[in-house]
Amino acid sequence: MDNKKIAQYAWEFIGGTSEIFSYHNDDKTVSVDVMTCADENFSITTMSTIGLSNVDIGKEIEGKPLRVELLMLGNAHEETFENILASVAFRIKENQYCDFGLIIENVIESYDGDATVNHVLLMQPVFWEKYSPFELDGNIIAWLLAIPVSEDERNYIEKNGIDKFDELLGRSHVDLIDLRRGNVDSLSNAPSDFHG
């Protein structure tokens, strides 16, 4: 697929000042491009993988192959977030699997040893009003939002489901780019089985 068209489409619903960087795994056998789009104040950056959609994840929508790209919010002054997003993409490429609600475990600690959130959850990209899936070369490309989650939050999702966690997150004032944050604000009101 044409990565330039994917990048252009992503930029149109993200906006900001964009740059594209290439990332490789440790032995340089897997790579992915990450586009960063900085907001006007250059304090928050939205990142999108470019080219992850070349991986066949074995899913279809309306009879057409479904492919994915990932989004993530990050601090504009830290490359940590781009590295995390690239690592998540590498896992998806290696497993050739991706889905809404998928948790990619233990991908943050190697980039921030003090992080309180070490897993990444894939959710719907609710922050971009202009977003909609993109059809290209007979494929449907959908973006999923990668958000860091803690071990307690991972346990809650596994016991209660992604929709319940999404409700908690919606009521929370959690800072999704704080890798050292506490659990969602609604933790005290969550069911007693929140803790693993």
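The structure presented is a predicted model; accordingly, all values stated were derived computationally and were not measured.

The next point concerns helix 2 (residues 80-95). A turn of α-helix holds 3.6 residues, and therefore any two residues three or four places apart point the same way. For helix 2, which comprises 16 residues, the first-to-last C-alpha distance of 23 Å matches the rise-based estimate of 22 Å (1.5 Å per residue) to within 8%. For helix 2, every residue scored as buried is listed here: Thr80, Phe81, Glu82, Ile84, Leu85, Ala86, Ser87, Val88, Ala89, Phe90 and Ile92. Where helix 2 terminates, the next one or two residues include Gln96, which has phi positive at roughly 50°.

So, about the packing of aromatic side chains. Counted by the stated rule, this structure contains seven aromatic pairs. Residues Tyr9 and Phe134 carry aromatic rings whose centres are separated by 4.1 Å and whose planes lie at 10° to one another, so their mutual orientation is stacked. In this pair, Tyr9 is assigned in helix 1 (residues 3-14) and Phe134 in strand 8 (residues 134-136), connecting sequence segments 125 residues apart. Phe134 matches Tyr9 in its accessibility class, with the two residues each being buried. A ring pair is formed by Tyr131 and Trp143, whose centres lie 6.1 Å apart and whose planes are at 80°; its orientation type is edge-to-face. Of this pair, Tyr131 sits in the loop between strand 7 (119-123) and strand 8 while Trp143 sits in strand 9 (residues 139-149), and the two are twelve residues apart along the sequence. For Tyr131, a relative accessible area of 16% translates into the label buried. Put simply, the rings of Tyr9, Phe13, Tyr131, Phe134 and Trp143 pair up and form one aromatic cluster.

The biggest cluster of nonpolar side chains holds 65 residues, and the ones touching the most others in it are Phe13, Leu121, Leu122, Trp143, Ile147 and Phe165. When residues no more than four places from it in sequence are discounted, the contact partners of Phe13 are Leu71, Trp128, Lys130, Tyr131 and Trp143.

In this model helix 1 runs 16 Å from its N-terminal to its C-terminal C-alpha over twelve residues, within 8% of the 16 Å that 1.5 Å per residue would give. Of all the positions in helix 1, only Ile6, Ala7, Tyr9, Ala10, Phe13 and Ile14 are classed as buried. End-on, the buried residues of helix 1 take up no more than an arc of 165°, which puts them together on one face. Contacts made by the buried residues of helix 1 are with strand 1 (17-24), strand 2 (31-38), strand 3 (44-50), strand 5 (64-75), strand 8 and strand 9. Where helix 1 begins, the side chain of Asp2 points an oxygen toward the backbone nitrogen of Lys4, at a separation of 2.9 Å. Just downstream of helix 1, Gly15 is the residue with a positive phi angle, here 80°.

Next up on the list: the side chain of Arg154. Locating Arg154 in the fold gives a position in helix 3 (residues 151-160). Overall, Arg154 belongs to the buried group, its relative accessible area being 12%. Polar side-chain contacts of Arg154 include one of 2.5 Å to the side chain of Glu151. With residues near it in sequence (within four places) discarded, Arg154 still touches Ile103, Glu105 and His119.

For Arg181, the location among the structural elements is in the segment after helix 4 (162-171). Take Arg181: its relative accessible area is 7%, and that puts it in the buried class. Of note is the side chain of Arg181, whose polar atom sits 2.8 Å from the side chain of Glu153. Beyond its immediate sequence surroundings of up to four residues, Arg181 is in contact with Thr116, Val117, Pro148, Val149, Ser150, Glu153, Val174 and Asp175.

Okay, unusual backbone geometry next. Excluding glycine, residues mostly carry a negative phi; peptide bonds, for their part, are mostly trans. Positive phi, normally seen in glycine, also occurs at Glu62, with a value near 55°. Examined against the element boundaries, Glu62 turns out to sit in the loop between strand 4 (59-61) and strand 5. The phi dihedral of Gln96 falls on the positive side, at around 50°, and the residue is not glycine. Mapping Gln96 onto the fold places it in the loop between helix 2 and strand 6 (103-104).

Rules used in this analysis
Residues numbered from 1 in each chain as written. Predicted model: local features only at pLDDT ≥ 70, side-chain atom pairs only at ≥ 80, totals over all residues. Heavy atoms only, no water. Helix = DSSP H or I, 4+ residues; strand = E, 2+ residues; numbered from the N terminus. Expected span 1.5 Å × (residues − 1). Buried < 20%, exposed > 50% of the residue type's maximum accessible area, 1.4 Å probe, protein only. Phe/Tyr/Trp six-rings, centres within 6.5 Å; stacked < 30°, edge-to-face > 60°. Core = buried A, V, L, I, M, F, W, Y, C linked by side-chain atoms within 4.5 Å. Contact = heavy atoms within 4.5 Å. Arc of directions from axis to C-beta. Polar contact = N/O pair within 3.5 Å; in protein donor to acceptor, adjacent residues only side chain to side chain.

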